There are 2 protein chains.
Amino acid sequence: MTKQNIAFSTNGWVHCIQLSPPCLGDNLADTDRLITALKLQVDAKTIHIDLSLMAQIPGILRQSNFRVVCTLFGCSHEYQLIEIQPAHNYLPVYGLAIDLGTTRVVLRFLDLIKQKTLVETSFENPQTSIAPDVLARIHYTDQDNGLQTLQNLIIGGINQEIQKTCECNSISFDRIQCMSIAGNTCMTHLFLGLPPHAIIREPYIPVINKHLVVSASELSINIHPKGRVLVFPNIGSYFGGDLIAGILSLDMIHQEETAIMVDVGTNAEVVLGNKDWMLACAGAAGPALEGGVSKIGMTAGPGAIERIHMTPDSEQFAWQTIGNKKPIGICGSGIIDLAAVLFRSGMLDIRGKFVPEKCKDRLVNSDGLLSFIVIPNNQSATGEDLTISQADIDSLIRSKAAMYTILNTITRSVGMALSDLSVFYVAGTFGAYIDPSAAITIGMIPDLPLECYRSVGNTSLEGASRILLSIADTEAIPKIYKHITYMELNVNQEFMNRFSAAKFLPHTDRRLFPNVI
Amino acid sequence: MTKQNIAFSTNGWVHCIQLSPPCLGDNLADTDRLITALKLQVDAKTIHIDLSLMAQIPGILRQSNFRVVCTLFGCSHEYQLIEIQPAHNYLPVYGLAIDLGTTRVVLRFLDLIKQKTLVETSFENPQTSIAPDVLARIHYTDQDNGLQTLQNLIIGGINQEIQKTCECNSISFDRIQCMSIAGNTCMTHLFLGLPPHAIIREPYIPVINKHLVVSASELSINIHPKGRVLVFPNIGSYFGGDLIAGILSLDMIHQEETAIMVDVGTNAEVVLGNKDWMLACAGAAGPALEGGVSKIGMTAGPGAIERIHMTPDSEQFAWQTIGNKKPIGICGSGIIDLAAVLFRSGMLDIRGKFVPEKCKDRLVNSDGLLSFIVIPNNQSATGEDLTISQADIDSLIRSKAAMYTILNTITRSVGMALSDLSVFYVAGTFGAYIDPSAAITIGMIPDLPLECYRSVGNTSLEGASRILLSIADTEAIPKIYKHITYMELNVNQEFMNRFSAAKFLPHTDRRLFPNVI
């Protein structure tokens, strides 16, 4: 049979085991025999087996000549036996990795025996219908059944997506036996049904930070009834499991070289370190970087300008929208591009103020606000001018200054300068679209050689996937958790001074940005 | 409040914990904070908490000023948090220890805070209605739903007893949070719903030997929904958790002195050892010792002769029955007494044959069998003679010879003689009623000074109770399990020679029984 030729990964969660059959001289009990053999293949302290599964062991061992395929899952060397199948006739085993975003949930289904991706899907986090952001959702849990409602929404959404994917791929839900999920601290709490009330109130206390391995049935997740869900740990209220998954996927705790990873969003989450030490912090950057404040700002979607530049001769904008539609707004990466071109062309001065002589008739008074026409009405999808106001630019500058100050503060705290960094990971879906040269131009990120910047995409999903394929990667989770020192960002006078200095384009200290002309 | 003055045992399963409230400088998450504090009090590797309980932690911590009463339970330093209560207003916590006998189930309810027994009850194992003995019950599981039926019977019986006891003592079932159960290998399998088929078939393989900690709800036991059940491990098919509980209760693995413990029954289970080594074996002794074969033999119950002796002058029997009723039969301890007095009076010869000249008209031919009238019809409850046949005596002699040979074999295997023993524990309810001097007279047990014999009663229940009161005793379970070497009794020629030599009263080698005149 071809199946028998498949080499099972010795580091994976599915193992093919040949036991020696018992005899009078070797009368170990069936379960103890199986556990002993499994422990020779995987470095487990304990292997738990539910009673109903244990009751099947004698039969399966004898009908398979003591050669079986076992699915395990867990963490900290404490594993659960999820299924045991006869080796001569076994079914595939799947895993499900989830990046649990505030707005979008991304799922990757993996074949745990063949060790490859089956399919990737995503859906909008259904909690968005209740409240768009983290803060509003936490407030919603103060209502009667608010927490239950939010939990039901996300679990229901995941179950629906599982069902759809199983149908499309003709697999049975009980073939999915291991699941991993990485999200920010609040999303993780809502998923688990844990009250997030204290996360946003001084002294900002989550219910739990440590990783959890929970039974899928306790969460009403429709996978194999004995399936397990590994939930990534949080480092604190503002540094969640998605970041831990990111650190895991970049293998940062095994690197000699000091690297920095930044997840750019309303909060800037930053981790700096190497195999010997690791420092993390998080700070509010404001929604401007995600395109969430200006009148024409929007989240990335069809018709959003994601890229914009200026033809050098004509001073005309050239842009690119998502889906190549007529523009209806501008998303975060577009706003950073826009600020960069306006500054390079002299239309914004170093304080970030519009320069009327340069902007000419593009500068208008719209609803009593000084605004700049980005897209004239005859080229927009809405039939109206798409404008950005001075207030929008001011907001962007505060956000980019906050980001730069956070980066500056964490590197200084270990006696490094930003220019010492040779690897700068930009994580997150949003980060993937930022043009580093534009972000450098406005002084949001340091003026490093462009090759230092590595857009690493959805590292949260990547990390969540890796643990489904590798016991060693799973065991790295508690190591990363212990390895990280979380630094409270003290917003003191020194921080404020640095912040003020960073509120210029690109910075008051131009020597920090030698390549920005 | 008086409650606050109760000293919680530092070695118990219920702990009162004062946490330091979180602040900006100490922002450990609630659950992590609680676990950290618990680990300072108990030596735990992991403390598991179900999600629904975890969700209550933030509220309870804040309403109790971070002073809480926690129930833990588990083994191998892997504990479950079962309940968390505010320390200013907590309810009692109970535990339930069960000796799961083939015929009788004994329950002891304990107050885990006050560390004392609340009440003890017992009931007949309802599986008896299906089949009286282990073998017949195992065969019954080969029928459709046979295993399920037997499991339902015992779980139902336990639940009924819990309900009755809770009602009588005005306690709520959910105050019972920890449960321990010790039984023989088969009873343990039937309780857990594990197929016992292979236990009685060569090479005699149980489904599991190792101890288990199972959730009460998985077993449908009606205690606290998050309550846990610790199931004592078996050493093998014929050496069960009841014996491990016995070894625990006698603290045998911490003693310098070599002791032997014997559980007398249809199977003779023997353990020999001290703090450095421990050897166990089990062998069939036949049902004769339990009064289970002869026509008038019966299990201990009202009207059973439990004690019998002979007035030296008149050669008349004097007896004592359970409940002081008129005799209806004779139980195991009575049969041993009877054989001893018959031998002492010369009515049985050293081969165990009735001596007609001595028995005189008490020897009759009953149903074609040579029989001895123990109780004449005018003194029995049945109105008929209570007689014991030559075949009954032969059967008893085979049983006692098997017992002695097993004791002889295990001590010889470590180079000891039976006469080297200074502590001889007789365990089990049946053992409690045996008169050692009668048992010595017939050569069932060695001719040691009577003070060496210690009837230790229901050590299975005692061991099960001790672990509910002491973490250290619980942690002794895996130690005992590892400490014991199980010896297969090879029924070889040498064994058979010893067995033949032991089939005399008291033995062919009279020097072994100097005190039997």
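Note on numbering: residues in each chain are counted from 1, in written sequence order. Chains and ligands are labelled sequentially in the order written, the chains with letters from A and the ligands with numbers from 1. The model is predicted, so local features are restricted to residues of pLDDT at least 70 and side-chain atom pairs to those at 80 or more, both for listing and for counting; the totals for chains, interfaces and linings are taken over all residues. Just so you know, side-chain values use all the structure's heavy atoms and leave hydrogens and water out.

(A) Quick peek at the interface of chain A and chain B. Contacts: residue pairs with any heavy atoms within 4.5 Å of one another. Counting from both sides, the interface comprises 40 residues of chain A and, opposite them, 40 residues of chain B. Computed with a 1.4 Å rolling probe, the buried area is the accessible surface lost when two parts are put together, summed over both parts. Buried area between chain A and chain B, summed over both chains or domains, comes out near 3,100 Å², and the portion from carbon and sulfur atoms is 64%. Considering only the side of chain A, the residues that lose the most area to chain B are Leu24(A), Leu51(A) and Ile205(A), jointly responsible for 19% of the buried surface there. Any N or O atom pair separated by 3.5 Å or less is treated as a polar contact, with the protein-specific requirement of one donor-capable and one acceptor-capable atom, and with residues adjacent in sequence counted only for side-chain atom pairs. Put simply, chain A and chain B have 16 residue pairs in polar contact (both at pLDDT 80 or more) between them. Elements represented by at least two residues in the side of chain A that touches chain B include exactly helix H1 (30-41), strand S2 (46-48), helix H2 (51-54), helix H3 (57-63) and strand S9 (212-215) of chain A. Under the scheme applied here, ten amino acids are nonpolar (Ala, Val, Leu, Ile, Met, Phe, Trp, Tyr, Cys and Pro), four are charged (Asp, Glu, Lys and Arg), and all others, including Gly, are polar. Looking at the side of chain A that touches chain B residue by residue, the class counts come to 23 nonpolar, seven polar and ten charged. To qualify as a helix, a DSSP run of H or I must reach at least 4 residues; to qualify as a strand, a run of E must reach at least 2; elements of each kind are numbered from the N terminus.

(B) Expanded view of the sheet that holds strand S16 (residues 329-330) of chain B. Residue and element names in this part refer to chain B. In this scheme, strands are said to pair when DSSP sees at least two bridges between them. Overall, mixed pairing links the three strands, which are arranged S15-S14-S16 in an open sheet. Taken across any chain shown, the strands that pair with only one partner, and hence form the sheet edges, are strand S15 (317-321) and S16. Here strand S14 (residues 304-310) pairs with S15 via five bridges, running antiparallel. Each residue of the ladder has a partner; that of His 309, found in S15, is Ala 318. Against the sheet, helix H8 (residues 332-344) contacts S14, S15 and S16, and its axis sits at roughly 20° relative to S14. Fitted lines through C-alpha atoms serve as axes, helices being fitted only where they are in contact, and the angles separating the N-to-C directions of these axes extend from 0 to 180 degrees.

(C) Quick peek at the relation of the copies chain A and chain B. Alignment of copies: least-squares fit on C-alpha atoms of residues with pLDDT of at least 70 in both copies. Overlaying chain A on chain B yields an RMSD of 0.1 Å, the required transformation being a rotation through 180° with an accompanying axial translation of 0.0 Å. The transformation relating the two chain copies, once decomposed into turn and shift, fits a two-fold axis. Rotation axis and chain A: the residue whose C-alpha lies nearest the axis is Glu78(A), separated from it by 5.0 Å. When the interface residues of chain A are mapped onto chain B, 100% of them again fall at the interface, so both copies present the same face.

(D) Broad picture of the packing of helix H13 (residues 459-469) of chain B against helix H14 (residues 471-483) of chain B. Residue and element names in this part refer to chain B. Direction vectors running N to C along H13 and H14 enclose 125°, while the axes themselves pass 5 Å from each other. Classified by the interaxial angle, the pair formed by H13 and H14 is oblique. The residues of H14 that touch H13, namely those facing Arg 466, Ile 467 and Leu 469, are Ile 471, Asp 473, Thr 474 and Ile 477. The labels follow the angle: roughly parallel below 35 degrees, roughly antiparallel above 145, roughly perpendicular from 65 to 115, and oblique for the rest.

(E) Broad picture of the sheet that holds strand S2 (residues 46-48) of chain B. Residue and element names in this part refer to chain B. Judged by pairing direction, the sheet is mixed, and its four strands sit side by side in the order S1-S3-S4-S2 without closing on themselves. Two strands bound the open sheet, and with one partner strand each, they are strand S1 (14-18) and S2. In this sheet, neighbouring strand axes are inclined to one another by 40° on average, regardless of whether the strands run parallel or antiparallel. In the sheet, S2 pairs with strand S4 (residues 78-86) via three bridges, with the strands oriented parallel. Bridge assignment links His 48 to a residue of S4, and that residue is Gln 80. Of the strands in this sheet, S1, S2, strand S3 (67-75) and S4 touch helix H1 (residues 30-41), which is tilted by about 120° from S1.

(F) Region of the structure containing the packing of aromatic side chains. All names here are of chain A. Aromatic rings from Phe, Tyr and Trp, taking only the six-membered ring of Trp, are treated as a pair when their centres fall within 6.5 Å; an angle between ring planes under 30 degrees marks them as stacked, one over 60 as edge-to-face, and anything in between as tilted. On inspection of all chains with the given rule, the structure shows 18 aromatic pairs over all chains. Taken together, a centroid distance of 5.6 Å and an interplanar angle of 10° make the contact between Phe 354 and Phe 372 stacked. Separated by 18 residues along the polypeptide, Phe 354 in the loop between helix H8 (332-344) and helix H9 (356-359) and Phe 372 in strand S18 (residues 369-375) bring together distant segments of the chain. Accessibility assignment for this pair places Phe 354 and Phe 372 in one class, buried. The structure contains a cluster of three or more aromatic residues connected by ring pairs, namely Trp 13, Phe 73 and Tyr 79. Summary of the burial criterion: residues with accessible area below 20% of their type's maximum are buried, those above 50% are exposed, and those between are partly exposed, where the area comes from a 1.4 Å probe applied to protein chains only.

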